[in-house]
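Structure at a glance
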Amino acid sequence: MCRSIHRLREGATRSDDDAIHEAARQYVRKVSGFGKPTERHREAFDRAVADVAEATRRLLDQVTLTLTA
């Protein structure tokens, strides 16, 4: 779905927070259809980006811990 999102985990190494945030932003753009949200939708858009980024961090932390444990 989001061809511009790159793999965020290589082996036991996780990408930095900037890469995670940008991947989350790309995902929300694709799903919402907004390349750049209007002022009316900015709060919902930004909240969705933060939520997706947080879920991604948790996933990568858990996967990385599993690989190294």
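Just so you know, these numbers come straight off a predicted model, no measurement behind them.

1. Considerations on the overall build of the protein chain
Counting its regular elements, the protein chain contains two helices and two strands. Listing every helix and strand of the protein chain by position from the N terminus yields β-β-α-α. In the protein chain, once contacts between residues fewer than 6 apart in sequence are set aside, the share between residues at least 24 apart is 59%. Of the roughly 5100 Å² of accessible surface on the protein chain, 51% is carried by carbon and sulfur atoms.

2. Observations regarding the pattern of salt bridges
Following the criterion strictly, the structure yields five salt bridges and no others. As a salt-bridge pair, Glu39 and Arg42 come within 3.7 Å of each other at their nearest N and O atoms. Here Glu39 pairs with Arg42, and both are found in helix H2 (residues 39-68), just three residues apart, close to one helical turn. Take Arg42: its relative accessible area is 26%, and that puts it in the partly exposed class. Two residues, Glu54 and Arg57, come together in a salt bridge whose shortest N-O distance is 3.6 Å. Linking Glu54 with Arg57, this pair stays in helix H2, spanning three residues, or about one helical turn.

3. Focus: the nonpolar core
If you look at the biggest cluster of nonpolar residues, it comprises nine residues: Leu8, Ile20, Ala23, Ala24, Val28, Phe45, Val49, Ala53 and Leu60. Where this core is concerned, the elements lending two or more residues are helix H1 (17-32) and H2. Not counting the four nearest positions on each side in its chain, Val49 is found in contact with His21, Ala24, Arg25 and Val28.

4. Some points on the side chain of Arg25
Position of Arg25 relative to the elements: it lies in helix H1. Comment: no salt bridge for buried Arg25; closest opposite-charge side chain is Glu22, at 4.1 Å. The contacts of Arg25, once residues within four sequence positions are left out, are Phe45 and Val49.

5. So, H1
Counted at 1.5 Å a residue, the expected span for H1 with its 16 residues is 22 Å, and the 22 Å between its end C-alpha atoms agrees. A positive backbone phi angle near 85 degrees is found at Gly33, which sits one or two residues after H1.

6. Comments concerning the confidence of the model for the protein chain
The predicted model of the protein chain has a mean per-residue pLDDT of 84, with 77% of residues at 70 or higher. Between the elements of the protein chain, mean pLDDT differs from a low of 66, seen in strand E2 (residues 13-14), to a high of 92, seen in H1.

Basis of the calculations
- Every chain is numbered on its own, with residues counted from 1 as its sequence reads.
- Under the rules for a predicted model, residues below a pLDDT of 70 receive no local features and side-chain atom pairs below 80 are neither given nor counted, while totals for whole chains, interfaces and linings still include all residues.
- Side-chain figures throughout are based on the complete set of non-hydrogen atoms in the structure, without hydrogens or water.
- Under the DSSP-based scheme used, a helix requires at least four consecutive residues in state H or I and a strand at least two consecutive residues in state E, with every element numbered from the N terminus.
- Note on definitions: a residue-residue contact is assigned when non-hydrogen atoms from the two residues lie within 4.5 Å.
- For the area figures, the Shrake-Rupley method with a 1.4 Å probe applies, and any residue is considered shielded solely by the protein chains shown.
- Salt bridges are defined as contacts in which a side-chain nitrogen from Lys or Arg sits within 4 Å of a carboxyl oxygen from Asp or Glu.
- Relative accessibility decides the category of a residue: with a 1.4 Å probe and only protein chains considered, values under 20% of the type maximum give buried, values over 50% give exposed, and everything between is partly exposed.
- The term nonpolar core refers to a set of buried residues drawn from Ala, Val, Leu, Ile, Met, Phe, Trp, Tyr and Cys, joined through side-chain atoms within 4.5 Å.
- Charged residues are defined narrowly, with Lys and Arg counted positive, Asp and Glu counted negative, and His plus the chain ends left uncounted.
- One fewer than the residue count of a helix, multiplied by 1.5 Å, yields its expected span.
- Note on scores: pLDDT gives the predictor's confidence for each residue, bounded by 0 and 100.

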